[in-house]
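Structural features, examined
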Amino acid sequence: MPTTVRTRGLVLTEHEFSIPLDHSRKEGTRISVFAREVSDPDGQDRPFLVFFQGGPGNESPRPTRFPSGPAWLDRALRDFRVLMLDQRGTGRSSPVGALPGMSPQEQAGYLKHFRADSIVRDAEWIRRELGVRRWSILGQSFGGFCAMTYLSIAPEGLREALITGGVPPVGRPTDDVYAATYRTTLDRNRQYYERYPDDRDRVIALRRALDAQDMRLPGGDRLTGRRFRQLGHMLGRSEGAELLHYVLELPPDSPAFLHDVDAHDPFSRNPLYAAIHEASYADGCATRWSAHRLLSHEYEDPLLFTGEHVYPWMFEDYGALAPLREAAGILAEHAWPRLYDESALRANEVPVAATIYVHDLYVEREFAEETARLTRGMRTWITDEYEHNALRADGGRVLERLLDLARGRA
């Protein structure tokens, strides 16, 4: 039974659903999927807006009021009740960890069911169980991939779709994706060192120290040079260069430095992120460790940081990922089915509005515009005013603009 809690300014109703792991086998293994319904005290009968979080591997944000969070919540609650979905494998939805007691083959078989297609089928299961005819959806980053999958396989459940920094490439091999993101990451490195030129010496000294010393993070893992340069994943956020600099300015032998490096690790808390990150792009292909294969000789420069890239060595350097090492290798060779139906997108009748960020580090602008042209009726806001995290940085304005676009007011 749902549980309802009234906080200062919000009514929160917690739902848990028992859903098949494999939607093609309704009588098979079940998982638990959690969703939190969020409403204004006077808005409990408003239509639903379902939020799909970025990732993959991240749960939905935890809502607050006074101060309000996430940044777009106040604007959303003027028109909607918000259903914050912990996508399968995250948060309170049968979270994926080390998957003990399974062989690597069994782990890989289990993890095959955590892409956008399964998440959308979960949402449809929940929609029917709640008795909702149609609802609106908002997808951030990977959540936008989920939204495009929704438009492909279950558009009848949608009133409108809003996408922020998450219009995916359709029908492209993953190698195209990582070739593009490496080019963007090189440019972000250049911009970073133009802003913080003194960090060049800091980074060179740190890389030498990491090669020579066994520096341990608070969680017990050794901080290797290749792991250190993954801090570049922050450079795609509006405040990312500053966050990176504030780590680098700390004395490298200080507890603060090691704790802050650990705190910016997105993988150990959510192993699913590393395990299926490349697979989230795989629209009818095997990835075969695409980012690893496409890493160019330019990245032999010790000054360079990498971006949102996953490598096979991470399942050795990160203790939290080690139990999934063999399974990750199996998944890398798996020929993934299509996520998107091009004919359905060409015939789309659902109002769709999307932000496309000109300098997005994570979702290539060229491919996003290509998909927007493919999708009938998609209206886009192409802007260099924001980075990939615009929904968090200026959520009210971003959501307002998307609603105006989707509803023909702009």
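Above this text is the structure in question.
The rules behind these values
- Residue positions are given per chain, counting from 1 as you read along its sequence in written order.
- In view of the model being predicted, local features appear only for residues whose pLDDT reaches at least 70, and side-chain atom pairs are presented and counted only at 80 or more, with totals across whole chains, interfaces and linings using the full set of residues.
- Each side-chain value is derived from all of the structure's non-hydrogen atoms; neither hydrogens nor water enter the calculation.
- In this description a helix means any DSSP run of H or I spanning at least four residues, a strand means any run of E spanning at least two, and both kinds are numbered starting from the N terminus.
- Only C-alpha atoms enter the radius of gyration, while the globule expectation follows 2.2 Å times N to the 0.38, with N the number of residues.
- Think of it in three bands: residues with accessible area under 20% of the maximum for their type are buried, residues over 50% are exposed, and the middle band is partly exposed, with areas taken using a 1.4 Å probe on protein chains only.
- In this analysis, two residues are considered to be in contact whenever any of their non-hydrogen atoms come within 4.5 Å of each other.
- The protein chains shown are the only cover counted for residues, whose accessible areas, like all others here, come from Shrake-Rupley with a 1.4 Å probe.
- Only buried Ala, Val, Leu, Ile, Met, Phe, Trp, Tyr and Cys residues count toward a nonpolar core, and they belong to the same one when joined by side-chain atoms within 4.5 Å.
- The pairing criterion for strands is at least two bridges between them, as found by DSSP.
- Here an axis means a line fitted to C-alpha atoms, over the contact stretch when the element is a helix, while the angle between two N-to-C directions is reported on a 0 to 180 degree scale.
- When the strands point away from the viewer, a crossover counts as right-handed if the path from the first strand over the helix to the second runs clockwise.
- The term salt bridge refers to a pairing of a side-chain nitrogen on Lys or Arg with a carboxyl oxygen on Asp or Glu at a separation within 4 Å.
- Under the convention used throughout, the expected extent of a helix is 1.5 Å for every residue step, that is, one less than its residue count.
- Here, the arc refers to the directions that run from the helix axis to the C-beta atoms.

**Some thoughts on the overall build of the protein**
When helices and strands are counted, the protein shows 17 helices and nine strands. Relative to the globule expectation of 22 Å for 410 residues, the C-alpha radius of gyration of the protein, 21 Å, shows essentially globular dimensions. Along the first, second and third principal axes, the C-alpha set of the protein runs to 60 × 50 × 45 Å. Counting every position in the protein, which comprises 410 residues, the buried fraction comes to 58%. Restricting to contacts in the protein with at least 6 residues of sequence separation, those with at least 24 account for 76%. Of the roughly 16600 Å² that the protein leaves accessible, carbon and sulfur atoms contribute 47%.

**Overview of the nonpolar core**
In this structure, Trp135, Phe228 and Met314 are the most contacted members of the largest nonpolar core, which totals 105 residues. Examining the composition of this core, we find that seven residues originate from one element, helix H4 (residues 142-153), more than from any other. The contacts of phenylalanine 228, once residues within four sequence positions are left out, are Val203, Leu206, Arg207, Leu210, Leu223, Leu248, Phe257 and Phe305. In terms of nonpolar packing, the next biggest core, distinct from the first, is built from 26 residues, Tyr386, Ala390, Leu402 and Leu405 among them.

**Brief notes about the environment of glutamate 369**
Along the chain, glutamate 369 falls in helix H15 (residues 365-374). The spacing of glutamate 369 and glycine 220 is 149 residues in sequence and 43 Å in space, taken between C-alpha atoms. Residues in contact with glutamate 369, not counting those within four places in the same chain, are Ile356 and Ile382.

**Overview of unusual backbone geometry**
In this structure, proline 67 follows phenylalanine 66 across a cis peptide bond, with omega equal to 0°. Counting through the fold element by element, proline 67 comes out in the loop between strand E4 (48-52) and helix H1 (73-79). Residue glycine 69 is joined to proline 70 through a cis peptide bond whose omega torsion reads 0°. By the secondary structure assignment, proline 70 is in the loop between E4 and H1. Phi at leucine 99 takes a positive value of approximately 50°, unusual for a residue other than glycine. The residue leucine 99 is located in the loop between strand E5 (81-85) and helix H2 (104-111) in this model. Given a relative accessible area of 9%, leucine 99 falls into the buried group. With a phi angle near 55°, serine 141 is a residue other than glycine that sits in the positive phi range. Mapped onto the secondary structure, serine 141 falls in the loop between strand E6 (135-140) and H4. Given the relative accessible area of 12%, serine 141 is considered buried.

**Structural notes on the sheet that holds strand E8 (residues 352-357)**
Spatially, E1-E2-E3-E5-E4-E6-E7-E8-E9 is the arrangement adopted by the nine strands of the open sheet, whose pairing is mixed. Edge positions in the sheet fall to strand E1 (3-7) and strand E9 (378-383), since each has one partner strand and no second. Across the sheet, the axes of successive neighbouring strands diverge by a mean angle of 20°, strand direction being ignored. With six bridges joining them, E6 and strand E7 (residues 158-164) adopt parallel strand pairing. Paired with isoleucine 137 across the bridge in E7 is alanine 161. In the packing of helix H3 (residues 116-130) onto the sheet, the strands contacted are strand E2 (10-20), strand E3 (30-39), E4, E5 and E6, and the crossing angle to E2 comes to about 115°.

**So, the pairing of E9**
The pairing of E8 with E9 spans six bridges and is classified as parallel. Counterpart to tyrosine 357 in the pairing with E9 is threonine 383. Handedness of the E8-H15-E9 crossover: right-handed.

**A look at the pattern of salt bridges**
If you walk through the whole model with that rule in mind, you get 39 salt bridges. For arginine 190, the salt bridge is made with glutamate 194, and the minimal N-O distance between the two is 2.9 Å. In this pair, arginine 190 and glutamate 194 are both assigned in helix H5 (residues 174-195), four residues apart and thus about one turn of the helix distant. One salt bridge connects glutamate 369 with arginine 365, and the closest N-O pair in it is separated by 2.5 Å. Taken together, the residues glutamate 369 and arginine 365, both in helix H15 and four residues apart, mark about one turn of the helix.

**Here's the deal with the side chain of glutamate 242**
Here glutamate 242 is to be found in helix H8 (residues 240-248). In this view, glutamate 242 contacts Arg195 and Tyr196; residues no more than four positions away in its chain are not counted.

**A word on helix H6 (residues 199-212)**
The terminal C-alpha atoms of H6, which comprises 14 residues, lie 20 Å apart, in line with the 20 Å expected from a rise of 1.5 Å per residue. Taken together, the buried positions of H6 are Asp199, Val203, Leu206, Arg207, Ala209 and Leu210. Angular distribution of buried residues about the axis of H6 spans 165°; they occupy a single face of the element. Away from the buried face of H6 by more than 90 degrees, exposed residues Asp201, Arg208, Asp211 and Ala212 are located. Looking at the packing, one finds that the buried side of H6 touches H5, helix H7 (225-228), H8 and helix H9 (255-263).

**Concerning helix H17 (residues 395-406)**
An ideal rise of 1.5 Å per residue puts 16 Å on twelve residues; H17 measures up with 16 Å between its terminal C-alpha atoms. Of all the positions in H17, only Gly395, Val398, Leu399, Leu402, Leu403, Asp404, Leu405 and Ala406 are classed as buried. Elements in contact with the buried residues of H17: H1, E6, E7, E8, E9 and helix H16 (390-393). Two residues or fewer past H17, glycine 408 is found with a positive phi of approximately 75°.

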